Amino acid sequence: MDELIEKLKVEIIEALSLEEITPADIDANAPLFLDGLGLDSIDALELIVLVEKKYGYKIQTAEEGKTVLYSVKSMAEFITNRQKS
Amino acid sequence: MTENIIISKYCRVVNNKIIVDGEVVFSSDSSLTFAEFVKEVYKNKAMVYPKFYKMDNLSKLGIIAAEFLSDEFISENIKGDEINIILMNSASSLDTDKNFQNTIKDKNNYFPSPSVFVYTLPNIVIGEICIKHKILGETAFFVSEKFDSEFIYNMVSDLIIHQGAKVVITGWVDFLDNEYTATLCVVKNIENSNNNNNEIAKFTIESLRRLF
Amino acid sequence: MKEAYFIADNIISSLGFNTEENLCAIEKQTTGISLIENKELSDNPFYASIIDADKLNNEFSKISDNNDFTQFEKLCILSITDALRNTNIDNNADDTLLILSTTKGNVNLLDENCCPQIERERSFLWKAADQINNYFKFKNKPIIVSNACISGVVGIITAGRLIENGKYKNVIVCGADVLTKFVVSGFQSFLALSSTPCKPFDINRSGLTLGEGSGTIILSSEPKSNMENIIYCGGSISNDANHISGPSRTGEGLYLAIKKAIKQSKNKIKSEIGFISVHGTATPFNDEMEAIAINRMQFSEIPLVGLKGYLGHTLGAAGVIESIAAIQSMKTGKLHATVGYENSGVTVPVYVNSITIEKEISSCLKVASGFGGCNAAVIFSKK
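In this text, all values refer to a predicted model and were calculated from it rather than measured experimentally.

A. Here's a closer look at the overall build of chain A. Per the secondary structure count, chain A includes four helices and zero strands. The linear arrangement of helices and strands in chain A, starting from the amino end, is α-α-α-α. Relative to the compact-globule value of 12 Å for 85 residues, chain A shows a C-alpha radius of gyration of 12 Å, a close match. Once the C-alpha set of chain A is aligned to its principal axes, its extents read approximately 35 × 25 × 20 Å. Counting every atom, chain A has about 4700 Å² of accessible surface; 51% of that belongs to carbon and sulfur.

Right, dumping it as structure tokens:
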């Protein structure tokens, strides 16, 4: 899980062009969309693409997206749960 | 009617150089890519605007050019809805269109990117400039093989004479396959202004032709 | 200042190849939206309003045997030809101008498998526009507006101003866009497409439906003698300066555009605004934003008409097509129904017209909003 979280952080920074942010700046438990990273609705959509492209799991609706994309940790949990099932 | 309308400042971005009112104010090695060049500009201008890195090339080009003119249109005497932007180019958003096409052309690697798609409209560069500088006035994007001085003159003077515009930012912002040119200028109505205005030229079709 | 009269028009969409066919279907509340199963556009079926390609080619063969045109160019040429039919405009005159409004033009030429006989350079909008301009032998170089979903309305405002200022006598505004995999996949990636035909302003709306088509409207400084004349009263554009894709939550930009358009029109408008032709894409945020702006204008009692439920969102064509329908409403006294709308799904009171009704109307307001935070408002009135 920790490994996946670190990998996701790097992928998020790349996918969202977060030029001035390093993986260490991202708190895995903190909400991705409230503040800090300054992410918006387009970033959320891009993260949905990221999860599908890199891990093959489709987030079906905006509602599901809200839960899965809450934090880096929740993204990692979503991916891990899918990998198990 | 148009004697009180002037071009007060212009900025050209070309060959990794920034030229303001005819003077080179910033230049990078011409071997740098556009991405490297604008990063240097961003740092040199001490811009604190992380969103810049998310923009497509056309928007970065427009944002940079506008940055060097902002002291001419940001003033306590000018409200956001009195500032207008009319831009033109040849390639529309084709540079980003091609990038987006690359995300959908391969059936086995089909991942259309929303953050690329949103830039597949040429007027997004105007939206970005408006967001950065809180500009709420008229904005429009036109496409033409070459800069159409007469048409731009007609539209800009109508905005100032009939629509109550105080300032119009107008010009050319074109980007395709790593080739780029931007020339933006600030056009002002100085009728009711007592200040000493920076003046490059009277606003005429001829002066636009010379500039573009 | 001169007056700009609307003297001729044409609409091409899934509902027909001229204004009359389209309006006839709209008055009967017939939608042109259907479930599309076309792997070249999308792997999954989706709702859209599309024009049958064979029908388009057949119509085009009636006016030209030249096949060196793309689907986009054919749509424009057919539409302009039909609009010009009942006018005596001299194409070759110094005071005739073509304005082309489009978001994506020939973007399908970026797909190397698409129409191999067509030169790739026509993905440049000006090159496609030249193609169309040359077909009609218009002397002046065309003006191209590419300003997202307000392109059509910006085209009309530009034409109105050029005529009012005496720069041209006749300005032909053509708005067009075709449905491509490019556009469909983009909106899908935005999760913006509705899983049913779109439902503007409705409580159950869940996104937009795409469409394709073209519309042409001709503005002239010379009125037509044998018909009731409708004029361009004024128009305005604004920017939200808020977000490049999300509509403003306060409706400030659209509110500003409407306010300025009304101020400009006050000496030309014949009566109070009779109805508002809305943008009404049926995305949750767009319709809410429009409702807020309209409410702030204290226009809650004025009927709203949205046409996206008939033709989908035809992007660069939408503003022109919807303006033509609005002008026709003023002429026929038939106010169109907002098909897809049942129960209000916006948080402020607005009056959405849900069935075709007879109503004497002397003036109307057309609004549009789009990506890049842009808004436009234009006012038409009987003379």
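So that's the structure; there's more coming.
B. Representation of the interface of chain B and chain A in the model. In this complex, chain B contributes 12 residues to the contact, which on the side of chain A involves 13 residues. Carbon and sulfur atoms make up 59% of the area that chain B and chain A hide from each other, which totals about 1100 Å². Per-residue buried area on chain B facing chain A is highest for Y53, K54 and F111 of chain B; these three make up 53% of the total on that side. Here chain B and chain A share two salt bridges between them. Of the charged contacts, one joins K39 of chain B and E19 of chain A as a salt bridge, the two residues approaching to 2.4 Å between their closest N and O atoms. Joining chain B to chain A, the criterion identifies six residue pairs in polar contact (both at pLDDT 80 or more). Here the side of chain B that touches chain A is built from residues that sort into seven nonpolar, three polar and two charged.

C. Just the sheet that holds strand β3 (residues 46-49) of chain C, in detail. Residues and elements named next belong to chain C. Taken in spatial order, the three strands of this open sheet run β2-β3-β7, and their pairing is mixed. A strand with exactly one partner marks an edge of an open sheet, and here the two such strands are β2 (34-36) and β7 (210-211). Both β2 and β3 contribute to a ladder of three bridges, which runs antiparallel. Note on β3: the bridge partner recorded for L35 is Y47.

D. Up close: the packing of aromatic side chains. Under the definition given, this model contains 26 aromatic pairs over all chains. With centroids separated by 5.1 Å and ring planes inclined at 25°, the aromatic side chains of Y153 of chain B and F203 of chain B adopt a geometry described as stacked. With Y153 of chain B in helix α7 (residues 149-162) and F203 of chain B in the loop between β8 (201-202) and α8 (205-211), this pair connects stretches of sequence that are 50 residues apart. One exposure class covers both Y153 of chain B and F203 of chain B, and it is buried. Summarising the aromatic geometry, the rings of F124 of chain C and W126 of chain C are spaced 5.6 Å apart at their centres and angled 50° between planes, so their arrangement reads as tilted. On the accessibility criterion, W126 of chain C (9% relative accessible area) is buried. An aromatic cluster is present here, built from F100 and F117 of chain B together with F182, F187, F190 and F371 of chain C joined pairwise through their rings.

Cut-offs and rules
- Residues numbered from 1 in each chain as written.
- Chains lettered and ligands numbered in written order.
- Predicted model: local features only at pLDDT ≥ 70, side-chain atom pairs only at ≥ 80, totals over all residues.
- Heavy atoms only, no water.
- Helix = DSSP H or I, 4+ residues; strand = E, 2+ residues; numbered from the N terminus.
- Rg over C-alpha atoms; globule rule 2.2 N^0.38 Å.
- Areas by Shrake-Rupley, 256 points an atom, 1.4 Å probe, with all protein chains shown as cover.
- Contact = heavy atoms within 4.5 Å.
- Buried area = accessible area lost by both parts, 1.4 Å probe.
- Salt bridge = Lys/Arg side-chain N within 4 Å of Asp/Glu carboxyl O.
- Polar contact = N/O pair within 3.5 Å; in protein donor to acceptor, adjacent residues only side chain to side chain.
- Nonpolar A, V, L, I, M, F, W, Y, C, P; charged D, E, K, R; others polar.
- Pairing = 2+ DSSP bridges.
- Phe/Tyr/Trp six-rings, centres within 6.5 Å; stacked < 30°, edge-to-face > 60°.
- Buried < 20%, exposed > 50% of the residue type's maximum accessible area, 1.4 Å probe, protein only.

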